[in-house]
Amino acid sequence: MVSLLTGPRGSGKTTQLIEMIDSAYKKSAGHVVCVDKAGTLRNSVTYRVRLVTADQYGISGFDAFYGLLCGLCAGDHDITDILCDATLRIGSRDYKELGEFLKKVASLSEKSGTDFVFTISTEKENIPADAAQVCEFKN
């Protein structure tokens, strides 16, 4: 399943994501991964959740972001949840590319059995319709 936390910048998406990370960790029988752009969540997430900083690995653009997610799933079959902050800052503000990315991640979720959550700093209406059909909105 792919879930989206949408809303304008400063609307509390990251705080909600941190709560979801804690909840996922408590219920998970496997591993939980958090991906952020610059390591800003380092002090907000329990050390038992794997924190991956996109900038540290040179991840920029939706193709590289998708490759990172595939690599995480391929490298650890026990990952149950991957929660990502600052999706548009890692990928781009191109909503067509965002839509394609979300559809590919939905397919990856089905194949790997991993649940994904993304924070997206935009209004729900800006998410491409075909991508919105394969995602669940959490707010």
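Residues numbered from 1 in each chain as written. Predicted model: local features only at pLDDT ≥ 70, side-chain atom pairs only at ≥ 80, totals over all residues. Heavy atoms only, no water.

Chemist: Even after reading the chapter, I still don't get the overall build of the protein chain, so can you show me in this structure?
Modeler: Summing up its helical and strand segments, the protein chain has five helices and six strands in all. Ordered by position from the N terminus, the helices and strands of the protein chain form the series β-α-β-β-α-β-α-α-β-α-β. Against the globule reference of 14 Å for 139 residues, the protein chain gives a C-alpha radius of gyration of 14 Å, in line with a compact fold. By principal-axis analysis of the C-alpha atoms, the protein chain measures approximately 35 × 30 × 30 Å. (Helix = DSSP H or I, 4+ residues; strand = E, 2+ residues; numbered from the N terminus. Rg over C-alpha atoms; globule rule 2.2 N^0.38 Å.)

Chemist: I would appreciate a short explanation of helix 4 (residues 95–112) in the present structure.
Modeler: One full turn of an α-helix is made of 3.6 residues, so residues set three or four places apart face in the same direction. Spanning 18 residues, helix 4 covers 25 Å between terminal C-alpha atoms, matching the ideal 26 Å at 1.5 Å per step. For helix 4, the full list of buried residues reads Leu98, Gly99, Phe101, Leu102, Val105, Ala106, Leu108 and Ser109. One or two positions beyond helix 4, positive phi appears at Gly113, with a value near 75 degrees. (Expected span 1.5 Å × (residues − 1). Buried < 20%, exposed > 50% of the residue type's maximum accessible area, 1.4 Å probe, protein only.)

Chemist: Which parts of the structure should I look at to understand the environment of Tyr57?
Modeler: Its place among the elements puts Tyr57 in the loop between strand 3 (50–53) and helix 2 (62–75). The exposure class of Tyr57 is partly exposed, given its relative accessible area of 45%. When the C-alpha atoms of Tyr57 and Leu68 are compared, they prove to be 9.1 Å apart, with eleven residues separating the residues in sequence. The contacts of Tyr57, once residues within four sequence positions are left out, are Arg50 and Val52. (Contact = heavy atoms within 4.5 Å.)

Chemist: Sorry, what's going on with the pattern of salt bridges here?
Modeler: Side chains bearing opposite charge may pair, as long as their charged atoms lie close to each other. Counted by the stated rule, this structure contains five salt bridges. Among the salt bridges present, the one from Lys103 reaches Asp130, with a minimum N-O distance of 2.7 Å. Note that Lys103 is positioned in helix 4 and Asp130 in helix 5 (residues 129–132), a separation of 27 residues in sequence. Note on Asp130: relative accessible area 37%, which makes it partly exposed. A salt bridge links Glu136 to Lys138; the nearest nitrogen and oxygen atoms lie 2.9 Å apart. Overall, the relative accessible area of 31% leaves Glu136 in the partly exposed class. Residue Lys138 is classed as partly exposed on the basis of its relative accessible area of 35%. The network of salt bridges with common partners includes Glu100, Lys103 and Asp130. (Salt bridge = Lys/Arg side-chain N within 4 Å of Asp/Glu carboxyl O.)

Chemist: Can you help me understand the side chain of Asp36 in this one?
Modeler: For Asp36, the location among the structural elements is in strand 2 (residues 31–36). The charged side chain of Asp36 is buried without a salt bridge, its nearest counter-charge being Arg42 at 6.7 Å. Within polar-contact distance, the side chain of Asp36 engages the backbone nitrogen of Gly39 at 3.1 Å. Contacts of Asp36, omitting those with residues within four sequence positions, involve Leu41, Leu51, Val52, Thr53, Ala54, Asp85 and Ile90. (Lys, Arg positive; Asp, Glu negative; His and termini not counted. Polar contact = N/O pair within 3.5 Å; in protein donor to acceptor, adjacent residues only side chain to side chain.)

Chemist: Mind showing me how you'd approach the pairing of strand 4 (residues 79–84) here?
Modeler: Look at any regular strand and the pattern is simple: side chains alternate between the two faces of the sheet. Among the six residues that make up strand 4, five are buried, leaving the element largely enclosed by the rest of the structure. Pairing between strand 2 and strand 4: five bridges, direction parallel. Opposite Val33, over in strand 4, you have Ile82 as the bridge partner. Sheet analysis places strand 4 next to strand 5 (residues 115–120), joined by four bridges and oriented parallel. (Pairing = 2+ DSSP bridges.)

Chemist: What's the story with the packing of aromatic side chains in this structure? I'm lost.
Modeler: The full count for this structure, using the stated rule, is five aromatic pairs. Each ring, one from Phe62 and one from Phe101, has its centre 4.9 Å from the other, and the planes form 35 degrees; the classification is tilted. You can see Phe62 sitting in helix 2 and its partner Phe101 sitting in helix 4, a full 39 residues away along the chain. Judged by centre distance (6.2 Å) and plane angle (5 degrees), the rings of Phe116 and Phe118 are stacked. Side by side, Phe116 and Phe118 carry an identical accessibility label, which is buried. Positioned above the aromatic ring of Tyr66, the side-chain terminus of Lys104 is 4.7 Å from the ring centre. Positioned above the aromatic ring of Phe137 is the side chain of Lys124, whose terminal nitrogen or guanidinium carbon lies 4.8 Å from the ring centre. (Phe/Tyr/Trp six-rings, centres within 6.5 Å; stacked < 30°, edge-to-face > 60°. Lys NZ or Arg CZ within 6 Å of the ring centre and 35° of its normal.)

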